[in-house]
Amino acid sequence: MKYLVWISRVIVGVLFIISGLIKLNDPMGFSFKLEEYFSPGVLDLPFLTPLALSISVVLVIVEVLLGILLLIGFKPKFTVWSLLLMIVFFTFLTFYSAYFNKVTDCGCFGDAVKLTPWESFTKDVILLVLILVLFFGRKYIQPLLNPKANWIVGGVALVACALFANHVLNHLPSVDFRPYKIGANIQEGMSVPEGAPQALYEYAWRFKVNGEEKIVITNGDYPSVDGEFIDVETTELQKGYEPPIHDFTIEKEGQDYAAELLDEDKLVMVIAYDLAKSNYDAFSEVAKVAKNAKEKGYKVIGMSASSDEMANTIKSKYGLDFDFYFTDETTLKTIVRSNPAILVLNRGTIKQKVHYNDIEDVEL
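Here the structure is a predicted model, which is why all the values come from computation and not from measurement. (Residues numbered from 1 in each chain as written. Predicted model: local features only at pLDDT ≥ 70, side-chain atom pairs only at ≥ 80, totals over all residues. Heavy atoms only, no water.)

## Brief notes about the layout of surface pockets
Then, in step 1: One number sums up the size of the largest pocket: a volume of about 1600 Å³.
Then, in step 2: Residue lining of the largest pocket: 48 residues in total, with Lys33, Thr104, Asp105, Lys114 and His246 positioned closest to the centre.
Then, in step 3: For the lining of the largest pocket, the elements supplying multiple residues, two or more each, are α1 (2–24), α2 (27–38), α5 (117–136) and α11 (329–335).
Then, in step 4: Across the lining of the largest pocket, the residue classes tally to 18 nonpolar, 12 polar and 18 charged. (1 Å grid on protein atoms, 1.4 Å probe; cavity = no way out; pocket = protein on both sides within 12 Å on 5 of 7 lines; lining within 4 Å. Points joined across faces, edges and corners; volume = space filled by probe spheres on them. Helix = DSSP H or I, 4+ residues; strand = E, 2+ residues; numbered from the N terminus. Nonpolar A, V, L, I, M, F, W, Y, C, P; charged D, E, K, R; others polar.)

See below:
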């Protein structure tokens with residue numbers, strides 16, 4: 001039992017630290033995932049939505065700290081109980097998401113590792129078993145350091161996590177795991193490689209033939225059946241290749257200008273996924289950058305999921321001399337964790353990505 005506890009201790013501790021640090025690198029992204037869980041279609045807890053970012057920061061810091069406390073063996077009873085309560089909650093959450101197909105990615109490892117709902121649930125079940133081993137064998141969890149050193153390690157870890165969270169929230173994630181990272185080409189991210197696996201579907205067609213129901217199975221073609229069609233049930237047999245960037249559009253008046261704009265040699269994008277929630281103080285600096293960019297031959301556009309009326313109000317109030325295009329809100333949140341933000345592109349390749357607190361760093 002002693003050795004089993006040691007193995008479980010190392011696995012659980014390391015996994016919690018890694019998972020927590022990945023999310024701590026991008027707490028804003030994790031808060032978007034929590035908002036998805038709090039939405040009416042999932043847990044229906046809308047009153048928690050305004051608190052999503054605060055909950056996100058607290059959860060990821062606690063996750064990292066519990067992993068560290070477990071590894072050094074500090075406060076084993078408190079640590080193991082906390083781990084058990086946390087994993088029971090998340091196991092329920094991932095099962096609910098998987099069974100009812102509510103949230104397609106739990107966000108357990110941020111954008112670094114994508115897990116399907118059932119993979120997330122399986123991961124949590126394994127962790128639950130390992131934590132139960134720790135719970136029943138907690139007498140074998142001995143401190144690695146003396147009490148004073150344990151307090152110092154725990155305190156330093158807490159302060160370091162808080163400082164790191166504050167840094168990435170006021171700038172951008174230190175490591176960008178998304179397909180829109182600096183150096184990425186958006187057109188290439190949307191392309192499907194030659195020979196990539198295609199999605200395979202099975203279709204169960206229901207007909208009424210001579211007063212009786214008849215089901216005909218095909219892989220796509222409409223069957224030749226002398227009867228009355230009732231309905232068809234589609235089953236995905238094999239997932240096809242999905243490019244890392246999809247559903248990316250730059251629309252105006254119902255027309256998509258993405259291909260044309262991404263072909264520009266000099267393009268500046270001002271991204272504000274929701275103008276109603278933007279940091280308005282930043283728009284004065286945005287206006288200066290836009291003016292400077294235009295003088296240097298750049299095409300400048302705004303990208304938002306807000307209404308034209310809202311965009312025109314912001315343009316007029318802050319003297320923004322560029323047009324706003326419509327892009328899906330989720331896509332804009334994925335591109336950059338800042339509202340507003342500035343991107344500089346060359347023929348679809350992202351050269352710079354700047355938080356509104358760092359607008360002075362834009363180089364043209």
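## Observations regarding the packing of helix α4 (residues 76–100) against α5
Then, in step 1: Running from N to C, α4 and α5 cross one another at 155 degrees; their axes reach a closest spacing of 9 Å. As judged from the angle between their axes, α4 and α5 are roughly antiparallel. The interaxial crossing formed by α4 with α5 has left-handed handedness.
Then, in step 2: Its residues assigned to classes, the contact of α4 with α5 comprises 20 nonpolar, four polar and one charged. (Axes fitted to C-alpha atoms, helices over the stretch in contact; angles between N-to-C directions. Parallel < 35°, antiparallel > 145°, perpendicular 65-115°, else oblique. Left-handed = near helix turned anticlockwise from the far one by under 90°.)

## Here's the deal with unusual backbone geometry
Then, in step 1: Geometrically, the link from Asn339 to Pro340 is a cis peptide bond, its omega value of 10 degrees lying close to zero.
Then, in step 2: Examined against the element boundaries, Pro340 turns out to sit in the loop between α11 and β9 (341–346).
Then, in step 3: The backbone phi angle of Arg347 is positive, close to 50 degrees, even though this residue is not glycine.
Then, in step 4: Structurally, Arg347 is set in the loop between β9 and β10 (349–355).
Then, in step 5: Judged by its relative accessible area of 41%, Arg347 falls in the partly exposed class. (Buried < 20%, exposed > 50% of the residue type's maximum accessible area, 1.4 Å probe, protein only.)

## Digging into the side chain of Lys33
Then, in step 1: Assignment of secondary structure puts Lys33 in helix α2.
Then, in step 2: Aside from chain neighbours lying at most four places away, what touches Lys33 is Val103, Asp105, Cys106 and Gly107. (Contact = heavy atoms within 4.5 Å.)

## Re empty space enclosed by the protein
One way to see where empty space is left: roll a probe the size of a water molecule over the atoms.
Then, in step 1: Evaluated as defined, the whole model comprises two cavities of 30 Å³ or more.
Then, in step 2: Space inside the largest cavity adds up to approximately 290 Å³.
Then, in step 3: Lining the largest cavity are 20 residues, and of these Lys23, Glu63, Phe90, Cys108 and Lys123 lie nearest its centre.
Then, in step 4: Of all the secondary structure elements, the ones that give two or more residues to the lining of the largest cavity are α1, α2, α3 (52–72), α4 and α5.
Then, in step 5: The leading source of residues in the lining of the largest cavity is α4, at five residues.
Then, in step 6: Split by residue class, the lining of the largest cavity holds 13 nonpolar, three polar and four charged.
Then, in step 7: A volume near 50 Å³ is recorded for the second largest cavity.
Then, in step 8: Taken together, Asn25, Asp26, Pro27, Met28, Val168, Leu169, Pro173 and Arg337 make up the lining of the second largest cavity.
Then, in step 9: Those elements that provide at least two residues to the lining of the second largest cavity are α2 and α6 (147–170).

## What to know about helix α9 (residues 283–295)
Then, in step 1: A rise of 1.5 Å per residue sets the reference length of α9, with its 13 residues, at 18 Å; its end C-alpha atoms lie 18 Å apart and thus fit the reference within 8%.
Then, in step 2: Regarding α9, the residues found buried are Phe283, Val286, Ala287, Val289, Ala290 and Ala293. One side of α9 holds all its buried residues, which, seen down the axis, span an arc of 165 degrees. Of the residues in α9, the exposed ones pointing more than 90 degrees away from the buried face are Lys288, Lys291 and Glu295.
Then, in step 3: Contacts from the buried residues of α9 go to β6 (267–271), β7 (299–304), α10 (308–318) and β9.
Then, in step 4: Looking one or two residues beyond α9, the residue adopting positive phi is Gly297, at roughly 90 degrees. (Expected span 1.5 Å × (residues − 1). Arc of directions from axis to C-beta.)

## What about the environment of Trp81?
Then, in step 1: The topology assignment puts Trp81 in helix α4.
Then, in step 2: A residue is classified by how much of its surface remains accessible, and Trp81, at 38% relative accessible area, is partly exposed.
Then, in step 3: For the pair Trp81 and Leu132, spaced 51 residues apart in sequence, the C-alpha separation works out to 9.7 Å.

## Remarks on the pattern of salt bridges
Then, in step 1: All chains considered together, the criterion is met by 18 salt bridges.
Then, in step 2: A salt bridge links Lys114 to Asp111; the nearest nitrogen and oxygen atoms lie 3.0 Å apart.
Then, in step 3: Among the salt bridges present, the one from Asp231 reaches Arg206, with a minimum N-O distance of 2.7 Å. With Asp231 in strand β3 (residues 228–238) and Arg206 in strand β1 (residues 200–209), this pair connects stretches of sequence that are 25 residues apart.
Then, in step 4: Among the residues examined, Asp231 registers a relative accessible area of 30% and is labelled partly exposed.
Then, in step 5: Linked through salt bridges whose partners overlap, the residues forming this network are Asp26, Asp111, Lys114 and Arg337. (Salt bridge = Lys/Arg side-chain N within 4 Å of Asp/Glu carboxyl O.)

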